[in-house]
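# Structure assessment
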Number of protein chains: 2
Amino acid sequence: MKVTIRDVASKAGVSAATVSRVLNKPELVDPETKQRVQAAIKALDFHPNAMARGLSVSRTDTIGLVIPGINDLFFTELYRGIEKACSENNMKILLFDSQHSRHRALEGFTFLRRHQVSGIIFTSKLVDQDYDALFDRIGIPVALALTEATGRTPLPAFKVDDVRAVFDVVAYLVARGHQRIGMITGESEDDRTGLLRLEGYRRAMLHFGIGYSESFVTSGNYRFDGGYAAMQELLKRQPINQLTAICTASDEMAIGAMRCLHDHGLSVPDDMSVIGFDDLQIARMVIPSLTTVMQPFEEIGEQVVRALLQRIEQPSELPRQGTYYMPHRIVERETVKCLNSSTSEEQLEKCF
Amino acid sequence: MKVTIRDVASKAGVSAATVSRVLNKPELVDPETKQRVQAAIKALDFHPNAMARGLSVSRTDTIGLVIPGINDLFFTELYRGIEKACSENNMKILLFDSQHSRHRALEGFTFLRRHQVSGIIFTSKLVDQDYDALFDRIGIPVALALTEATGRTPLPAFKVDDVRAVFDVVAYLVARGHQRIGMITGESEDDRTGLLRLEGYRRAMLHFGIGYSESFVTSGNYRFDGGYAAMQELLKRQPINQLTAICTASDEMAIGAMRCLHDHGLSVPDDMSVIGFDDLQIARMVIPSLTTVMQPFEEIGEQVVRALLQRIEQPSELPRQGTYYMPHRIVERETVKCLNSSTSEEQLEKCF
DNA sequence: GTGAAAGCGCTAACAT
DNA sequence: ATGTTAGCGCTTTCAC
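Residues numbered from 1 in each chain as written. Chains lettered and ligands numbered in written order. Predicted model: local features only at pLDDT ≥ 70, side-chain atom pairs only at ≥ 80, totals over all residues. Heavy atoms only, no water.

A few words now on the protein's contact with DNA strand D. In the vicinity of DNA strand D, 26 residues are found, and the nearest of them are Ile5 and Ser56 of chain A together with Ser15, Thr18 and Arg21 of chain B. Take Asn24 of chain A: an N or O atom from its side chain is 2.8 Å from a phosphate oxygen of DNA strand D. Contact between DNA strand D and Thr33 of chain B: a phosphate oxygen at 2.8 Å from a side-chain N or O atom of the residue. Contributions of two or more residues to the surface near DNA strand D are made by α1 (5-12), α2 (16-24) and α4 (50-57) of chain A together with α2 (16-24) and α4 (50-57) of chain B. Grouping the amino acids of the surface near DNA strand D by side-chain chemistry returns 10 nonpolar, 10 polar and 6 charged. (Near = heavy atom within 4 Å. Polar contact = N/O pair within 3.5 Å; in protein donor to acceptor, adjacent residues only side chain to side chain. Helix = DSSP H or I, 4+ residues; strand = E, 2+ residues; numbered from the N terminus. Nonpolar A, V, L, I, M, F, W, Y, C, P; charged D, E, K, R; others polar.)

Structure (structure tokens):
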């Protein structure tokens, strides 16, 4: 039924070894026989069995990718970078969706391990000491995107500096005359990201002498509905009357918050400024378009692949370890109102 | 280095076959030895090599998925259904992103074939006679999602009835008093979908005695920018002054069109009604939220997997062939204005 | 430049 | 219930 390398070999009147050579090292086979073999391959419509090859060479040229959920909009942005770097190094990608479950993520490791991936990229969930035992034994290089390792096992990680990013956001708002600034942060089981972003907010509020109050803070699950509900909650509280701006831990939540404000008859940015986090495609689609913090997803994807490849090729050295902070940037669009009558550069400057 | 089934076997004092049995047919091995083997597996942190297994059983329990682009928002919706049906039947998914290139799509087939997938799901590009030769030889079941086969080779396909869907959209608008209705349709190399949706529009315009004019129609690439540009073009044309509604071939284009209208100081839906196609997550996120045609992506994903599994399990029979139309539905939100002073049910009815 | 043979890690008869 | 043996399809020394 299935046509194998042997079928090709006999059709071309050569040995299987020769067919294998024209497939993998064509330069060291006589041009004439090469022709014959290639003709046979085409005639028989032969397609080499990747598993057999993988078994034989015990290498797959595949990297495994564990993601929290394929529905997360940021994931596709990240994927682009990963895909790019992989195809440049002709690596294949094996995807595993953990569906936001720690348990499933572990299953993912098992799955990828069985499939002999050369390396694993882990995305977006906190990698803490629970994973140490795993990584100690796994024997496969692991790198992290959009998260970092807090366990004993150090791992190369690529992400933005969340604390700094939100600090910058608050500074940006302060520079535009905002003082009463609220925060919608993230939340989930192991969500270091949300904590870091909150910390950036806290530090900035303190730094600028505004003061930090929990009553200005709510959290959501990073999604639209979470943002909506968080905004709802904020609107219920007393101090909200005084808020002029909200910073959020994700674009989706920012957009959910905008919808909530809209439903309450409040206008963005006239009644309330809103600022997102991620700079996804949707940030520029909504009206008003969303001012937000850009994460360089594509570059993060590329870097994490490179780090992984480096480890795969030189397992002995540990050239890249620990967290690398990739540059973020505030993308100015339409959801932040400047409250200063005089938008003097001077004023903007003094915040930093 | 790598720990194999043999290592486990010797550690547990049994043969490799027994280890294999506890892995695959645990019921027919003595409980006591099973214990020993499992202990050895755990102690050695053994992970069976999926490739070796696949080679041996010549089956992978994997289906290949060829998609046009992972960035396309509709894809993640479809994926959910595919993933669900696959995990229910414990099938794995091997993803291949063709990046909207016909050439890459062909590479995808090669790739998936090498990896011995049991079946292939092809998404969203027209499958025409160019593929016939391929499918005749490939020997792997293929099923289609969101597209259909127009070549000689009949293939099970699951999609909405695009003609009917847009016809319904126009009927919906007509029932609400619209007559001067424009259309932004899709376009790309092999875009049957766009053509079908246009045809639905054309038929409806004729059916309702409004008349079809090319000057009311533009096209875009289904994306935000395409929708924006198409709307821009429509606004440039004379008749646009008389348009009261625009139907589009995708939510993203609808949202792009909305942005364009906004930039021209036009209000949706007061100055212009807009209706999308897809019902992606973003449809409910924008303000005003988008009235649109829902495609049952998740169900389509599930059905296509089921069809594929059926073919895989019973290759001889051809129980499911040809195109299955899945039900669409207009989701009413905020972008369509009713122009009738009296919204009589009677009036709505007579359109159908 | 090409072929023969061994083996990658696992499973599946067939024995026992 | 368990072990023995023979592959699955390919690559890779090692001869020639």
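The next subject is the protein's contact with DNA strand C. For DNA strand C, the set of nearby residues contains 26 residues, the closest of which are Thr18 and Arg21 of chain A together with Ile5, Ser20 and Ser56 of chain B. Between a base oxygen of DNA strand C and a side-chain N or O atom of Arg21 of chain A, the distance comes to 2.4 Å. At the level of secondary structure, the elements contributing two or more residues to the surface near DNA strand C comprise α2 and α4 of chain A together with α1 (5-12), α2 and α4 of chain B. Across the surface near DNA strand C, the residue classes tally to 10 nonpolar, 10 polar and 6 charged.

Before going further, it helps to spend a moment on the packing of helix α10 (residues 224-236) of chain A against helix α11 (residues 251-263) of chain A. Residue and element names in this part refer to chain A. Relative to each other, α10 and α11 sit at 50 degrees, their axes nearing to 6 Å. With respect to α11, the axis of α10 lies oblique. When you trace α10 past α11, the crossing you get is right-handed. Of α11, the residues touching α10 (which contributes Phe224, Gly226, Gly227, Tyr228, Met231, Gln232 and Leu235) are Glu252, Met253, Ile255, Gly256, Ala257, Arg259, Cys260, Leu261 and Asp263. (Axes fitted to C-alpha atoms, helices over the stretch in contact; angles between N-to-C directions. Parallel < 35°, antiparallel > 145°, perpendicular 65-115°, else oblique. Left-handed = near helix turned anticlockwise from the far one by under 90°. Contact = heavy atoms within 4.5 Å.)

All names here are of chain A. If you trace the backbone, Arg202 turns up in helix α9 (residues 192-207). Here Arg202 falls in the partly exposed class, since its relative accessible area comes to 30%. For the pair formed by Arg202 and Arg333, sequence separation is 131 residues and the distance between their alpha carbons is 24 Å. (Buried < 20%, exposed > 50% of the residue type's maximum accessible area, 1.4 Å probe, protein only.)

A few words now on the sheet that holds strand β1 (residues 62-67) of chain B. Residue and element names in this part refer to chain B. Taken in spatial order, the 6 strands of this open sheet run β2-β1-β3-β4-β5-β11, and their pairing is parallel. Only two strands of the sheet have a single neighbouring strand rather than two, namely β2 (92-97) and β11 (323-326). Pairwise comparison of adjacent strand axes, ignoring direction, gives a mean angle of 20 degrees for this sheet. Relative to strand β5 (residues 157-160), strand β4 (residues 142-145) runs parallel, the two sharing 2 bridges. (Pairing = 2+ DSSP bridges.)

It is worth spelling out the relation of the copies chain B and chain A at this point. Once chain B is rotated about the relating axis by 180 degrees and shifted along it by 0.0 Å, it coincides with chain A to within an RMSD of 0.1 Å. The symmetry that links the two subunits is that of a two-fold axis. Interface overlap between copies: 100% of the residues of chain B at the interface are likewise at the interface in chain A, consistent with a symmetric, same-surface contact. (Least-squares fit on C-alpha atoms with pLDDT ≥ 70 in both.)

Below, the discussion takes up the domain arrangement of chain A. Residues and elements named next belong to chain A. Structurally, chain A comprises domain 1 (62-161 + 297-326) and domain 2 (162-295 + 330-350). If you average the C-alpha positions of domain 1 and of domain 2, the two centres end up 30 Å apart. Counting from both sides, the interface comprises 15 residues of domain 1 and, opposite them, 18 residues of domain 2. Surface buried jointly by domain 1 and domain 2 totals about 1500 Å² across both partners, of which 47% is contributed by carbon and sulfur atoms. If you look at where domain 1 meets domain 2, you find 3 salt bridges. With a closest N to O distance of 3.1 Å, Asp72 and Arg223 form a salt bridge. Between domain 1 and domain 2 we count 9 residue pairs in polar contact (both at pLDDT 80 or more) in total. Contributions of two or more residues to the side of domain 1 that touches domain 2 are made by α5 (73-88) and β5 (157-160). The greatest single-element share of the side of domain 1 that touches domain 2, amounting to 3 residues, is contributed by α5. Within the side of domain 1 that touches domain 2, the residues separate by chemical class into 6 nonpolar, 2 polar and 7 charged. (Domains from an automatic or database assignment. Buried area = accessible area lost by both parts, 1.4 Å probe. Salt bridge = Lys/Arg side-chain N within 4 Å of Asp/Glu carboxyl O.)

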